[in-house]
Amino acid sequence: MKGMALCGVQGTRFLGPNVYSEAPDGGWGWAVAAAFFLVEAFTYGTIKIFGIFLRDLMKEFGETNRRVSWVVSICVFVMTVSGPLSAVMTNRFGFQLVVMTGGLLIATGNIATSFTSSINQMYITYGVIAGLGYCLTFLPTVTILSQYFTRRRSLVIAVASTGESLSMFALAPAFSALKDLVGWRRTMAVIGGLQTIVVLCGALLRPIVIIRPGSARGSQTDGLSSKQKEDLRASEDAKGSNLDDSIMNSTSHAPTDDLTRGPGATGLNGVQALEGADNGRPEERALLHREGRASVENLTAAMTGSETKQKEDGDAEKPATHAGDDKPPRGDSKLLDFSVLGECSFILYSLFGLFATLGFFAPPLFVIELSVSRGVERDTATYMLSAMAVAEILGRLSIGWILTRERFRLKKLLVLLVCVIGMTADLFGFTLASEFYGLAACCCFFGFFMGSISCSHIPMLAEDDVVGIERMSSAAGVYVFIQSFAGLAGPPLGGKLVDATENYGSAFYSCAAGMAVGALFLALVRPAKRGVLCRSRTSKQPEDQGGTGGGHSECSA
């Protein structure tokens, strides 16, 4: 019975919350990293290989580059504009349910796309339905992975995010060949079927609760979301049930010899003695009852004294207050914290993300047609995406290794700025390349810098130079919401330039210009955080409300 009880409790908690005194930098975090690898492969990875369908869709529906580009544009827009919704749902319902729901939406949207009869229908199936699913899977996964790691966060996220690159490297040629064999519709259905694996990945995202030792209970849980508090209570209830089952089984299976222990018996043995006293002689029953009552009284007194001592310690830690200064206790944490919009450093960082996004999705979408227009055979041009993917893997691994070095830990924004400047120069290089090797070199450089930026710009929110790990979940939702408008404009703007100039190289001008403006805003983030550009004010929040004891800057009026 004891084994069955334990198994019952542990079975329900297998994918429940993990409670730590600090981020484990490993443990279950490795399972979360593996889930993030697969989520990356079937979210951003599949979006970036959409270019293999570009020519087929233009031919079948008789549409222009700009009209077909809106499919990816709407998908990216919905994926990013739904960032606050993703943050709210994650704080309310937890990571697992949200990501599993997103996985179902992704698979449904892609499979439904294979049955569409017009490009307008694809705007709904692939753009809206799948786009919403992409948001509900990617953002919560990268957020919880950041919570499981601290010292090795940059490296782990960099390695796990190579799923996107491997998807481009392996799946782009594979799906292109499959498309030539069975058509684009069946290929899209196959992609949708494979994306159901994201549902299983969502089940692995066990929530993590950090309870700092040596602090008051209320202050330990003030910074937790409502879902995290529910998970913590469920975990404690499960542990309490486990303990009760153990006590019941120990009591029911206690040997008779334990009932006759002397004054050194514990309180639990006293209770056991009371329960087993009816089987003895009258004098034994009287003696056992007296010992049992004494043991229970001693145990109760000890527990009461411990609680009184804890209360006195807690009262001693509280600062003295004057009449009328009492404040009501904090309620549950907000589902979405918009206070980050009052920080100048976050606003500048969001503007960097807004303009840099112009250069994220258009190059993979147009690089195949650009290569064909420059004299490269179409079968060979498909491997440009593979070249990007291999270089992107190297970029992700390199940036992860660099950002974990001691000398760069306080210069992460500077490293990111160097990558953004390099990517700006490379995007201009696409407009000048005129043959295979020049285009291949540009693809390799683009992939390297793209990998460096894409795996670090969202986790960079966890750094103190931007907002910090405590507010990353809400900040990430607001950040990608701001990005969404550039994601909506990027591909159609490039397609319009191509239609106007009949030159696929023109699409890369808007990408390069946006990335250059983004580099300017990124360069201003750290000075703003230090109060050089914006008025600095010291945070007056006590430490038990999530304050860091330092200050932050806010935008001047």
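Residues numbered from 1 in each chain as written. Predicted model: local features only at pLDDT ≥ 70, side-chain atom pairs only at ≥ 80, totals over all residues. Heavy atoms only, no water.

Enquirer: Sorry, what's going on with the side chain of Glu-463 here?
Expert: One can find Glu-463 in the loop between α22 (436-454) and α23 (472-501). Of note is the side chain of Glu-463, whose polar atom sits 3.1 Å from the side chain of Lys-412. Apart from residues no more than four positions distant in its own chain, Glu-463 is found in contact with Arg-153, Lys-412 and Gly-468. (Helix = DSSP H or I, 4+ residues; strand = E, 2+ residues; numbered from the N terminus. Polar contact = N/O pair within 3.5 Å; in protein donor to acceptor, adjacent residues only side chain to side chain. Contact = heavy atoms within 4.5 Å.)

Enquirer: I'm lost on empty space enclosed by the protein in this one. Help?
Expert: Gaps left between atoms are located by rolling a probe of water-molecule size over the structure's atoms. For the structure on display, the rule yields six cavities of 30 Å³ or more. Within this model, the largest cavity holds a volume of roughly 190 Å³. Taken as a whole, the second largest cavity spans an internal volume of roughly 90 Å³. Secondary structure elements with two or more residues in the lining of the second largest cavity: α9 (153-160) and α20 (383-403). With four residues, α9 is the largest single contributor of residues to the lining of the second largest cavity. The class makeup of the residues in the lining of the second largest cavity is seven nonpolar, two polar and three charged. (1 Å grid on protein atoms, 1.4 Å probe; cavity = no way out; pocket = protein on both sides within 12 Å on 5 of 7 lines; lining within 4 Å. Points joined across faces, edges and corners; volume = space filled by probe spheres on them. Nonpolar A, V, L, I, M, F, W, Y, C, P; charged D, E, K, R; others polar.)

Enquirer: Looking at this structure, I do not really get α23. What am I missing?
Expert: Note on helix geometry: an α-helix contains 3.6 residues per turn, so any two residues three or four positions apart are oriented the same way. The first and last C-alpha atoms of α23 sit 42 Å apart over 30 residues, in line with the 44 Å expected at 1.5 Å per residue. Along its length, α23 reaches its greatest deviation from straightness, about 30°, at Gln-483. A positive backbone phi angle near 55° is found at Glu-502, which sits one or two residues after α23. (Expected span 1.5 Å × (residues − 1). Bend = angle between axes of the 7 residues up to and from the residue.)

Enquirer: Can you help me understand the confidence of the model for the chain in this one?
Expert: When pLDDT is low, close inspection of the predicted coordinates is not appropriate. Here the chain averages 75 in pLDDT, and 70% of its residues register 70 or above. With pLDDT under 50 throughout, residues 1-14 is counted as low confidence; its partners more than four residues away or in other chains account for 15 contacts. pLDDT under 50 marks residues 241-280. Its contacts with residues more than four places away, or in other chains, come to 36 contacts. (pLDDT = per-residue confidence, 0-100.)

Enquirer: Would you take a moment to explain α9 for this structure?
Expert: The element α9 is extensively covered by neighbouring structure, given that six of its eight residues are classed as buried. All buried positions along α9 are accounted for by Arg-153, Ser-154, Val-156, Ile-157, Ala-158 and Ala-160. On its buried face, α9 is in contact with α2 (29-41), α8 (119-148), α10 (162-182), α20 and α21 (412-432). (Buried < 20%, exposed > 50% of the residue type's maximum accessible area, 1.4 Å probe, protein only.)

Enquirer: How should unusual backbone geometry be read in this particular structure?
Expert: Leaving glycine aside, a negative phi is the common case for residues, and trans is the common case for peptide bonds. A positive phi angle, close to 55°, is found at Asp-25, a residue other than glycine. With respect to the helices and strands, the residue Asp-25 is situated in the loop between β1 (18-20) and α2. In this model, Glu-502 sits at a positive phi of 55°, which is unusual for a non-glycine residue. Within the secondary structure layout, Glu-502 lies in the loop between α23 and α24 (507-523).

Enquirer: Looking at this structure, I do not really get the packing of helix α18 (residues 362-373) against α24. What am I missing?
Expert: Relative placement of two packed helices is described by the angle separating their axes and the distance separating the axes. Contact pair α18 / α24: the axes reach a minimum separation of 10 Å and the direction vectors enclose 150°. As the angle between them shows, α18 and α24 are arranged roughly antiparallel. The handedness of the crossing between α18 and α24 is left-handed. Between α18 and α24, the residues in contact are Ala-362, Pro-363, Phe-366, Val-367 and Leu-370 and Ala-507, Phe-508 and Cys-511, respectively. Along the lines of polarity and charge, the residues of the contact of α18 with α24 split into eight nonpolar, no polar and no charged. (Axes fitted to C-alpha atoms, helices over the stretch in contact; angles between N-to-C directions. Parallel < 35°, antiparallel > 145°, perpendicular 65-115°, else oblique. Left-handed = near helix turned anticlockwise from the far one by under 90°.)

Enquirer: Explain the environment of Arg-153 here, please?
Expert: Residue position: Arg-153 is located in helix α9. Given a relative accessible area of 9%, Arg-153 falls into the buried group. Sequence spacing of Arg-153 and Asp-25 is 128 residues, and the spatial spacing of their C-alpha atoms is 7.7 Å. Excluding residues within four positions of it along the chain, Arg-153 makes contact with Ser-146, Ala-462, Glu-463 and Ile-469. For Arg-153, the side chain forms a polar contact with the main-chain oxygen of Ser-146, separated by 3.2 Å. In terms of polar contacts, Arg-153 uses its side chain to reach the backbone carbonyl oxygen of Phe-149, at 3.1 Å.

Enquirer: Honestly, the packing of aromatic side chains in this entry has me stumped. Any pointers?
Expert: Here the distance between the centres and the angle between the planes together describe a pair of aromatic rings. Tallied over the full model, the rule gives 17 aromatic pairs. Seen from their ring centres, Tyr-349 and Phe-352 are 5.4 Å apart, and the 55° between their planes marks the pair as tilted. Taken as a pair, Tyr-349 and Phe-352 lie in helix α17 (residues 344-356) at a separation of three residues, close to a single helical turn. Both residues of the pair, Tyr-349 and Phe-352, count as buried. Measuring from centroid to centroid gives 5.6 Å for Phe-481 and Phe-485, while their planes differ by 85°, and the two rings are edge-to-face. Residue Phe-481 and its partner Phe-485 are both found in helix α23; the two are separated by four residues, about one turn of the helix. Overall, the relative accessible area of 46% leaves Phe-485 in the partly exposed class. (Phe/Tyr/Trp six-rings, centres within 6.5 Å; stacked < 30°, edge-to-face > 60°.)

Enquirer: I would appreciate a short explanation of the environment of Ile-49 in the present structure.
Expert: In this structure, Ile-49 sits in the loop between α3 (44-48) and α4 (54-61). In sequence terms Ile-49 and Leu-385 are 336 residues apart; their C-alpha atoms lie 7.8 Å from each other. Setting aside its immediate chain neighbours within four residues, Ile-49 contacts Ser-167, Met-168, Leu-171, Ala-172 and Phe-175.

Enquirer: What is the right way to look at the nonpolar core in this model?
Expert: In summary, soluble globular proteins display a tendency toward joint burial of nonpolar side chains. Grouped together as the largest cluster of nonpolar side chains are 120 residues, with contacts concentrated most on Phe-50, Tyr-349, Phe-430 and Leu-461. With 13 residues, the single largest contributor to this core is α8. The contact partners of Phe-430, leaving out residues within four places of it in the chain, are Val-367, Leu-370, Arg-374, Met-388, Leu-439, Cys-442, Cys-443, Phe-446 and Phe-508. (Core = buried A, V, L, I, M, F, W, Y, C linked by side-chain atoms within 4.5 Å.)

Enquirer: Can you walk me through a nonpolar patch on the surface in this structure?
Expert: Where nonpolar side chains cluster on the molecular surface, the patch consists of Leu-166, Phe-169, Val-390, Leu-394 and Phe-448 and spans about 400 Å² of accessible area. Its location among the elements puts Phe-169 in helix α10. Taking relative accessible area as the criterion, Phe-169 reaches 40% and is therefore assigned partly exposed. (Patch = residues over 30% accessible without salt bridge, like charges linked within 9 Å, V, L, I, M, F, W, Y side chains within 5 Å. Areas by Shrake-Rupley, 256 points an atom, 1.4 Å probe, with all protein chains shown as cover. Salt bridge = Lys/Arg side-chain N within 4 Å of Asp/Glu carboxyl O.)

Enquirer: Before we go on, may I ask you to explain the packing of helix α5 (residues 65-81) against α23 in this structure?
Expert: Running from N to C, α5 and α23 point in directions that differ by 175°, and their axes come no closer than 7 Å. It follows that α5 is roughly antiparallel to α23 by the angle criterion.

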